[in-house]
Amino acid sequence: QLQLVESGGGLVQAGGSLRLSCAASGRTIASLNIGWFRQAPGKEREFVVSAAWGTFRTNYADSVKGRFTVSRDIPRNTVDLQMNLLKEEDTAVYYCAAKPGPEDMTSTSFAAYESWGQGTQVTVSS
C-alpha cells in the first residue's frame, strides 16, 4: 500500500529557508500526482503547490509563488519542497498527498487526493 512520510520541518528565522521531503513507498513517485497542503492552528487546510505525474506540470498558490519550488528525485523516490524567503504566515503543519495516475492532474482540492502523510511542523519566527 502507498505510504507517504514528510520530513525536514523545523524552526527558522523569517527570511530563511527550509527543504521538505515527501518519501513514498509502495509506488514510484514518477506515477504519482502530488499535492502539498498546510494547516495553521484555527485555520482551514490550505493548498500550497501541486505537480502532475506525467509532465510534472506545476500549480502554485499565489501566496508562495516565486518563493517555493517543488521537484522530484526519482532514484530517492521523493518529492521535495524548497521554501525560501520564509514569512511568519508560512508557519503551519505541512502535508504531502498523492493520487496515482494515469489521470494527470494538479488539483488544489484536498478531496482529490487518496493518500496523505503525517505532516511536518514548520515554524517561522520574526
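Residues numbered from 1 in each chain as written. Predicted model: local features only at pLDDT ≥ 70, side-chain atom pairs only at ≥ 80, totals over all residues. Heavy atoms only, no water.

Participant: So what exactly am I meant to see when it comes to the pattern of salt bridges here?
Facilitator: Two side chains with opposite charge may pair up if their charged atoms get near one another. For the coordinates displayed, the defined rule picks out seven salt bridges. Asp62 is the partner of Lys65 in a salt bridge, and the nearest nitrogen-oxygen pair spans 3.1 Å. No difference in accessibility class separates Lys65 from Asp62, as the two residues are exposed. (Salt bridge = Lys/Arg side-chain N within 4 Å of Asp/Glu carboxyl O. Buried < 20%, exposed > 50% of the residue type's maximum accessible area, 1.4 Å probe, protein only.)

Participant: Just checking my understanding: could you explain the packing of aromatic side chains for this structure?
Facilitator: Two aromatic rings, taken as a pair, are described by how far apart their centres are and by the angle between their planes. Following the criterion strictly, the structure yields four aromatic pairs and no others. Ring geometry for Phe37 against Phe47: centres 5.9 Å apart, planes inclined by 70°, an arrangement best described as edge-to-face. Of this pair, Phe37 sits in strand 4 (residues 32-39) while Phe47 sits in strand 5 (residues 46-51); the two residues are ten residues apart in sequence, bridging distant segments of the chain. When sorted by exposure, Phe37 lands in the same class as Phe47, which is buried. Aromatic pair Phe37 and Tyr113: ring centres 5.7 Å apart, planes at 75°, arrangement edge-to-face. One end of the pair, Phe37, is in strand 4; the other, Tyr113, is in the loop between strand 9 (92-100) and strand 10 (115-116), with 76 residues separating them in the sequence. Residue class for Tyr113 comes out buried when judged on its relative accessible area of 6%. Aromatic rings pair up to connect Phe37, Phe47, Tyr95, Tyr113 and Trp116 into one cluster. (Phe/Tyr/Trp six-rings, centres within 6.5 Å; stacked < 30°, edge-to-face > 60°. Helix = DSSP H or I, 4+ residues; strand = E, 2+ residues; numbered from the N terminus.)

Participant: Please clarify how the sheet that holds strand 3 (residues 18-25) should be interpreted in this entry.
Facilitator: Two pairing modes exist for strands in a sheet, parallel and antiparallel, and in both the strands are linked by backbone hydrogen bonds. Taken together, the four strands give an open sheet; going across it, the order is 1-3-8-7, and neighbouring strands pair in antiparallel fashion. A single partner strand is all that each edge strand has here, and the edge strands are strand 1 (3-7) and strand 7 (68-73). Ignoring strand direction, the axes of neighbouring strands in this sheet form an average angle of 20°. With six bridges joining them, strand 3 and strand 8 (residues 78-83) adopt antiparallel strand pairing. Along strand 8, the bridge assignment pairs Cys22 with Val79. (Pairing = 2+ DSSP bridges. Axes fitted to C-alpha atoms, helices over the stretch in contact; angles between N-to-C directions.)

Participant: Where do I start with the nonpolar core in this structure?
Facilitator: For soluble globular proteins, the rule of thumb is that nonpolar side chains tend to be buried together. Formed by 35 residues in total, the largest nonpolar core has its most connected members in Trp36, Val48, Phe68, Val70, Leu81, Met83 and Tyr94. Looking at this core, the elements with two or more residues in it are strand 3, strand 4, strand 5, strand 7, strand 8, strand 9 and strand 11 (120-125). If you tally residues by element for this core, the top one is strand 9, at five residues. Once residues lying within four places of it in the same chain are set aside, the contact partners of Val70 are Trp36, Val49, Ala51, Phe56, Thr58, Tyr60, Val79, Asp80 and Leu81. (Core = buried A, V, L, I, M, F, W, Y, C linked by side-chain atoms within 4.5 Å. Contact = heavy atoms within 4.5 Å.)

Participant: What should I look at first to understand the side chain of Thr120 in this one?
Facilitator: Along the chain, Thr120 turns up in strand 11. A polar atom in the side chain of Thr120 sits 3.2 Å from the backbone nitrogen of Gly9. Sequence-distant contacts of Thr120, that is, excluding residues within four places in its chain, are made with Glu6, Ser7, Gly8, Gly9, Leu20, Ala92, Val93 and Tyr94. (Polar contact = N/O pair within 3.5 Å; in protein donor to acceptor, adjacent residues only side chain to side chain.)

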